[in-house]
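The lines below spell out each chain.
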Amino acid sequence: MSNRSQHSVPVLSQISRRTMLQAAGLGALPLGLPGTVAAGVDPKRGLGKGPAKKSCIFILLCGGPSHVDTWDLKPDAPDTIRGPYSPIATQVPGMRINEMHTRLAQMTDKIALIRSMSHEGNISNHFDAMHHMLSGQSQAPLDAPYLGSIMSKARPDDRSIAPYVWLIKCVGDPVFCAVNIGNGGHLGMMHSPLFVGSATNHPAMPTFKAPDELVGIVSSERMHDRRRLLDGMASAPTASDINQHQAARDWQDLHGRAFELTSGSAGRAPFELHRESPEVRDRYGMHPLGQNLLLARRLVESGVGFVTVNGWTGPSPNGGGGPPASSWDMHGGEMGMGNAFGSGSYGMGWCLPCLDQGLTALLTDLSDRGMLDDTMVVVTGEFGRTPRINQNGMASPGRQHWPSCFSTMLAGGGIKGGRVWGESDKDGAYVKDKPVRPQDLGATIFHALEVPLDMRLGKDGFTRPLSTGRPLYELFS
């Protein structure tokens, strides 16, 4: 799947999306809305109607962080490989991480660190690697749904704003938006996420607003009238185009759930970060990643089962590099991104402290609130970075894409912290022991969320296995 044109999203029917939305009274709503439902706020229980039984916050460090500069440093390697950072000791003997992870080093007893992630085949572009990681399988077919969509299907929950939310879809180049981010793959549109935020409307901004989807567009009476119109369209299939009928049914379901959402104001409550104390907000960091992690905690607290957080850290106050697209795509000056080891927008001197601050605040909050055991936190990129530094010794060094070996962090959801799984070779180039493929990570997430691995999912009688991977059972307490 190396040719991006192969990933173009198929047209499911000839029914105009705009026509269907206008008929439903939803003309202002984006494609990601189908996952949304209404939320209620119980003042005695806080946001929503309480957390979901099991949930996941999936932090995607878009671009692919360098494993040999973050969580799998090689201090004894040649200077063409090891980079400028030193590993520091942590609470867990033998688990040494980047020296800028000063807070995280005090919390490694809550973290399991996988140092043996790898892709099958040369999945060396963002688009394909992200497609495989987000779907939780290697050699993922074009219509593979992503983990959040699968959880929306396997564990629907009408109590929350949405079963699946994505915080900042993608920023900058659409190469970072894998094919099924905006839809539910073969599971259908009803299992796509609610997208929240953008480069110009994110929760670190004082002007941040809840998504427009949470505001009623027309009166309740008109919404009822338009729903009846849509019901009629969905009940009148033609023999010549059964796909049109299915599309109408999908949009009918979309309208029903959107009607529930826009019928009240309670759904906006999790997005009202001003209700948090300044001390809490500062602890997460007043940058997009930190505040999105705080928002993710509030969403999980309100009952959302799966939240994907774009690991974009925002533009660095120190400048450097091109426009902020994907913070962790640290090629260096070779692609105009500045020094990967500097403090610019694409520099680890900026991005790593942001991650250290936001992630430790999230884990602390979840633990203090008694939510960590039931909330799995995943931190990963779509791949790693080449052990060898390109343009080494020049003003703006960096590293290229590397799918053969990279690292992932897990915490919560029953994961026993203080463990290191797998090992890379002396240069961090290849897996030496206990390889973990995307499907194994996916199966581990499903296991943590108590979804039976023998479950089969699909539409219209066509089903597929939930996962072909093996959960890392040894990481659970």
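Residues numbered from 1 in each chain as written. Predicted model: local features only at pLDDT ≥ 70, side-chain atom pairs only at ≥ 80, totals over all residues. Heavy atoms only, no water.

Caption draft 1: Local environment of the pairing of strand β1 (residues 55-60). Across the six residues that make up β1, a large majority, six, are buried. Residue alternation in β1 divides its side chains into two sets, Ser55, Ile57 and Ile59 and Cys56, Phe58 and Leu60, and both sets are buried. Strand direction decides the pairing type here: β1 and strand β8 (residues 375-380), joined by six bridges, are parallel. In the strand pairing of β8, Ile59 is matched with Val379. (Buried < 20%, exposed > 50% of the residue type's maximum accessible area, 1.4 Å probe, protein only. Helix = DSSP H or I, 4+ residues; strand = E, 2+ residues; numbered from the N terminus. Pairing = 2+ DSSP bridges.)

Caption draft 2: Looking closely at the side chain of Lys54. If you trace the backbone, Lys54 turns up in the loop between α1 (17-24) and β1. Engagement of the side chain of Lys54 in a polar contact is seen with the side chain of Asp374, the distance being 3.0 Å. Apart from the residues lying within four places of it in its own chain, the contact partners of Lys54 are Gly305, Asp373, Asp374, Ala448, Leu449 and Glu450. (Polar contact = N/O pair within 3.5 Å; in protein donor to acceptor, adjacent residues only side chain to side chain. Contact = heavy atoms within 4.5 Å.)

Caption draft 3: Broad picture of the packing of aromatic side chains. Summed over all chains, the structure comprises five aromatic pairs. Judged by centre distance (6.3 Å) and plane angle (25 degrees), the rings of Phe58 and Phe306 are stacked. Highlighted residues: Phe58 in strand β1 and Phe306 in strand β7 (residues 306-310), separated in sequence by 248 residues. Assigned by exposure class, Phe58 and Phe306 land together as buried. Seen in terms of ring centroids, Trp402 and Tyr430 are 5.7 Å apart; in terms of plane orientation they differ by 65 degrees. Their pairing is edge-to-face. You can see Trp402 sitting in strand β10 (residues 401-402) and its partner Tyr430 sitting in the loop between β13 (423-424) and β14 (431-433), a full 28 residues away along the chain. Its guanidinium or amino end placed over the ring of Trp421, Lys434 lies 4.6 Å from that ring's centre, counting from NZ or CZ. (Phe/Tyr/Trp six-rings, centres within 6.5 Å; stacked < 30°, edge-to-face > 60°. Lys NZ or Arg CZ within 6 Å of the ring centre and 35° of its normal.)

Caption draft 4: Inspection of unusual backbone geometry at higher detail. Residue Ile168 is not a glycine yet carries a positive backbone phi of 65 degrees. Mapped onto the elements, Ile168 comes out in the loop between β5 (164-167) and β6 (194-196).

Caption draft 5: Geometry of helix α4 (residues 126-135). Counting buried positions along α4 yields ten of ten residues, so the element is predominantly enclosed. Where α4 starts, the residue carrying a side-chain oxygen 3.2 Å from the main-chain nitrogen of Phe127 turns out to be Asn125. A positive backbone phi angle near 70 degrees is found at Gly136, which sits one or two residues after α4.

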